[in-house]
Amino acid sequence: MSEFSQYTEALHEECGVFGMYDKTGETDMVSAVYSALYALQHRGQESCGIALNVDGVLSGHRDLGLVSEVFTKRVLEELPRGAKMATGHVRYATAGQRSRSNAQPMVLHHCKGAMAVCHNGNLVNAPKLRRKLEMSGSIFHGTSDTEVIAYLLTQNRLLTPNIEMAVSRTMDDIEGAYSLVIMTHTKLIAARDPNGFRPLCIGELPDGNGWAFASESCALDAVGAKFVRDVQPGEIVIADHNGLRSIVDHCGTAPHTMCVFEYIYFARPDSIIEGTCVHEARLQAGRFLAQEHPVEADVVIGAPDSGLDAALGYAQESGIPYGVGFIKNKYVGRTFIQGSQAQRESSVRIKLNAISSTVKGKRVVLVDDSIVRGTTSARTIRLLREAGAAEVHYRISAPPFVHPCYFGTDIPDEKDLIATGHTVEEINKMVGSDTLGYLSIEHVQQLAIHSKCGFCTGCFSGKYPASYAAAGVDITAGYRSVELMKQYVARTMTENCIGGLGGFGGLFELDCTGMEHPVLISGTDGVGTKLRIAMLLDKH
């Protein structure tokens, strides 16, 4: 598979960004950013990096691995001191994209200076922009959306009087989800897409000595900064020696549709996002679950870690005692956020151990945050059975995942989703529970009771925010078309048809009478399938 065909496949990332500006220069920036990245480690475990600004000169270090693995004592000691500004990043990406060249912050040098770019999200028009940039001479070293943003920023910076105008022009071109932290030789900038898909907040340093930007407020707490507010969707915030100011030209140009999965799974429970504490949102999810799916049971337990708060909410609402059902190995990473299915399955085997005294002989309500592929769920329920649980009633604090995400969550393909093509009862049998209940879409939109924003539920409902339609794609219509085509494809499937090579298509038998070497190549999903057929037949 070529680098370009790899790139055009869905790249769904969930990352953490951080930046700090201290006008006094008294903060140990290396230690501060290191602490912030530790607080954001849950958002990405593939790679991480730190960029520093010392007297206008940008430098840093980035590599594959956890924060503690990349920033050893030796590396930390070798990083320059005396910085007034710094940025940091933790990254997660799907399988096949594990590359140091995709690690961030990305530092670029141009004739007007330099910049370090950190990005969380996913651009829906990245392939189109990448092709345009390559045709104009840009040379790409990696496969991430961040490099597309970085080159656009550079191009626009060369044509504008300042970096904030370059950011604004770049935002005119990019579509999708992005929370950005950008550092130049004099300024630290935060920017958020007009839909506000991904979180980004502002903090103030002690004694008013500077500012910090972070994906979550827990990172502000880690460096002693006071939470001020969230960056508004579409807002550009600039911190420099003049203080803090913002540009709001892109605000209000799209509906505010925060990714609801931030509350369900991604964010840390102690973070505050859009005015709502994540812990409180998960408690509310559990209360709703108890109302929607009551059951007679002896104990309620949660699947560590994201299911614990929802389990407590279920217990509070139902009156069933709450118990600790699992011990988690804290030195194994999150299975959903690791790069390959093989890694996930291996991690599940050593990640949890059931506490038999809590569940033996009892009717257990197990609350979890989601079922994506089903591997973790089946293994977790099996652990409870082996520990002696009489019954296991599985409750999920999210609706079924039936559609992919295009804005930065690792749900890349319907074929990987257990809820696609299976009923709730079928899934119940597949994972081995006695009963199964999902939270409704109606209630998932009511989790953040203190937030004054809408939520993106596209992966549950197939209804995506307007910005994807702005890229020229009607996803809902596409799914309707697929359903209409299925019956006809099934009728034309014969032993002479080739399948399983690429995107969805109609397959039929061709009358090849009189043809010496017949090859039929047809489709609507690009060149990948056609090239694969030609290569198999040695006709390329």
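Just above sits the structure.
Residues numbered from 1 in each chain as written. Predicted model: local features only at pLDDT ≥ 70, side-chain atom pairs only at ≥ 80, totals over all residues. Heavy atoms only, no water.

Colleague: Just checking my understanding: could you explain the overall build of the chain for this structure?
Modeller: Across its full length, the chain carries 20 helices and 23 strands. Excluding contacts between residues fewer than 6 apart, the proportion of contacts in the chain whose partners are at least 24 apart in sequence is 68%. (Helix = DSSP H or I, 4+ residues; strand = E, 2+ residues; numbered from the N terminus. Contact = heavy atoms within 4.5 Å.)

Colleague: Even after reading the chapter, I still don't get the environment of Ser 370, so can you show me in this structure?
Modeller: Tracing the backbone shows Ser 370 in the loop between β20 (363-368) and α14 (375-386). In this structure Ser 370 comes out as buried when scored by relative accessible area, which is 10%. Ignoring any residue separated from it by four or fewer positions in sequence, one finds Ser 370 in contact with Phe 261, Ser 377, Tyr 394, Ile 396 and Phe 401. Separated by 2.7 Å, the side chains of Ser 370 and Asp 369 make a polar contact. (Buried < 20%, exposed > 50% of the residue type's maximum accessible area, 1.4 Å probe, protein only. Polar contact = N/O pair within 3.5 Å; in protein donor to acceptor, adjacent residues only side chain to side chain.)

Colleague: Even after reading the chapter, I still don't get the environment of Ala 51, so can you show me in this structure?
Modeller: Within the secondary structure, Ala 51 is located in strand β2 (residues 47-54). With 37 residues separating them along the chain, Ala 51 and Gly 88 place their C-alpha atoms 6.4 Å apart. Non-local contacts of Ala 51, meaning those with residues more than four positions away in its chain, are made with Ser 59, Gly 60, Ala 86, Thr 87, Pro 105, Val 107, Ala 116 and Met 183.

Colleague: What's the story with empty space enclosed by the protein in this structure? I'm lost.
Modeller: Gaps left between atoms show up when a probe the size of a water molecule is rolled over them. Using the criterion set out here, one finds three cavities of 30 Å³ or more in the structure. Volume-wise, the second largest cavity comes out at about 60 Å³. If you go around the second largest cavity, the residues you meet are Phe 197, Arg 198, Cys 259, Cys 405, Tyr 406, Phe 407, Thr 409, Cys 456, Cys 459 and Tyr 464. A per-class count over the lining of the second largest cavity returns eight nonpolar, one polar and one charged. (1 Å grid on protein atoms, 1.4 Å probe; cavity = no way out; pocket = protein on both sides within 12 Å on 5 of 7 lines; lining within 4 Å. Points joined across faces, edges and corners; volume = space filled by probe spheres on them. Nonpolar A, V, L, I, M, F, W, Y, C, P; charged D, E, K, R; others polar.)

Colleague: In this structure, what is going on with unusual backbone geometry? I would like to understand it.
Modeller: In this model, Gln 104 is joined to Pro 105 through a cis peptide bond whose omega is 5 degrees. Relative to the elements of secondary structure, Pro 105 occurs in the loop between β4 (85-91) and β5 (106-110). Cis geometry marks the peptide bond from Pro 304 to Asp 305; its omega dihedral reads -5 degrees. Its location among the elements puts Asp 305 in the loop between β17 (299-302) and α11 (308-318). Backbone geometry at Asp 207 places phi at a positive 65 degrees, although glycine is not the residue there. Within the fold, Asp 207 resides in the loop between β9 (201-204) and β10 (210-214).

Colleague: How should I be thinking about the pairing of strand β3 (residues 57-64) in this particular structure?
Modeller: Consecutive side chains along a regular strand alternate between the two faces of the sheet. Summarising the sheet, β2 and β3 pair through eight bridges and their orientation is antiparallel. Bridge pairing links Ile 50 to His 61 in β3. Connecting the antiparallel pair β2 and β3 is a turn made up of two residues, with Asp 55 showing a positive phi of about 55 degrees. (Pairing = 2+ DSSP bridges.)

Colleague: Explain the sheet that holds β5 to me, please; I cannot follow it from the model alone.
Modeller: Taken in spatial order, the six strands make up an open sheet running β5-β6-β7-β8-β12-β13, and their pairing is antiparallel. The sheet is open, and its two borders are formed by β5 and β13 (243-247), each paired with just one other strand. Direction aside, the axes of adjacent strands within the sheet are offset by 20 degrees on average. Helix α6 (residues 145-159) contacts β5, β6 (113-123) and β7 (176-183) of the sheet and is inclined by roughly 135 degrees relative to β6. Sheet strands touched by helix α7 (residues 163-173): β6, β7, β8 (188-192), β12 (236-240) and β13. Its angle to β8, the strand with the most contacts, is close to 20 degrees. (Axes fitted to C-alpha atoms, helices over the stretch in contact; angles between N-to-C directions.)

Colleague: Looking at this structure, how should I read the pattern of salt bridges?
Modeller: Opposite charge on two side chains permits pairing when their charged atoms draw close. Taken as a whole and judged by the stated rule, the model has 18 salt bridges. Two residues, Asp 63 and Arg 100, come together in a salt bridge whose shortest N-O distance is 3.8 Å. With Asp 63 in strand β3 and Arg 100 in the loop between β4 and β5, this residue pair connects regions lying 37 residues apart in the sequence. Classification of Asp 63 by relative accessible area gives partly exposed; the value is 27%. With a closest N to O distance of 3.8 Å, Arg 363 and Glu 296 form a salt bridge. Taken together, the positions of Arg 363 in strand β20 and Glu 296 in the loop between α10 (278-292) and β17 put the pair 67 residues apart, joining distant regions of the chain. With relative accessibility at 63%, the residue Glu 296 sits in the exposed group. Through salt bridges with shared partners, one network takes in Arg 43, Arg 198, Glu 216 and Glu 262. (Salt bridge = Lys/Arg side-chain N within 4 Å of Asp/Glu carboxyl O.)

Colleague: Before we go on, may I ask you to explain a nonpolar patch on the surface in this structure?
Modeller: Residues Tyr 322, Val 324 and Ile 327 make up a contiguous nonpolar surface patch of about 270 Å² in total accessible area. Its location among the elements puts Ile 327 in strand β18 (residues 326-328). (Patch = residues over 30% accessible without salt bridge, like charges linked within 9 Å, V, L, I, M, F, W, Y side chains within 5 Å. Areas by Shrake-Rupley, 256 points an atom, 1.4 Å probe, with all protein chains shown as cover.)

Colleague: For this particular structure, what's the right way to read the packing of aromatic side chains?
Modeller: Each aromatic ring pair is described using two quantities: the centre-to-centre distance and the angle formed by the ring planes. On inspection of all chains with the given rule, the structure shows eleven aromatic pairs. For the pair Tyr 265 and Phe 266, a centre-to-centre distance of 5.5 Å together with 75 degrees between the ring planes defines the contact as edge-to-face. Of the two residues examined, Tyr 265 and Phe 266, each falls in the buried class. Taking the centre distance of 5.2 Å and the plane angle of 70 degrees together, the rings of Tyr 406 and Tyr 464 count as edge-to-face. Linking Tyr 406 in the loop between β21 (391-396) and α15 (424-431) with Tyr 464 in the loop between α17 (458-461) and α18 (466-470), this pair joins segments that are 58 residues apart in sequence. With respect to burial, Tyr 406 and Tyr 464 carry one shared label: buried. Within the aromatic cluster, the residues linked to one another by ring pairs are Phe 261, Tyr 265, Phe 266, Phe 401 and Phe 460. (Phe/Tyr/Trp six-rings, centres within 6.5 Å; stacked < 30°, edge-to-face > 60°.)

Colleague: What is the right way to look at the nonpolar core in this model?
Modeller: Nonpolar side chains in soluble globular proteins tend to end up buried together. Core analysis: the largest hydrophobic core is formed by 37 residues, its most contacted members being Tyr 263, Ile 264, Val 300, Tyr 314, Val 367 and Leu 447. Contributions of two or more residues to this core are made by β14 (257-259), α9 (261-266), α10, α11, β20 and α17. Tallying contributions element by element places α10 first for this core, with six residues. Judged by nonpolar contacts, the second largest core, of 33 residues, contains Val 33, Leu 40, Ile 50 and Cys 218. (Core = buried A, V, L, I, M, F, W, Y, C linked by side-chain atoms within 4.5 Å.)

Colleague: Help me understand the pairing of β5 in this model?
Modeller: Judged by which residues are buried, β5 turns out to be one-sided: Met 106, Leu 108 and His 110 face inward and are buried, whereas Val 107 and His 109, on the alternate face, are not. The pairing of β5 with β6 spans five bridges and is antiparallel. Opposite His 110, over in β6, you have Gly 113 as the bridge partner. Counted between consecutive antiparallel strands, the loop separating β5 from β6 contains two residues.

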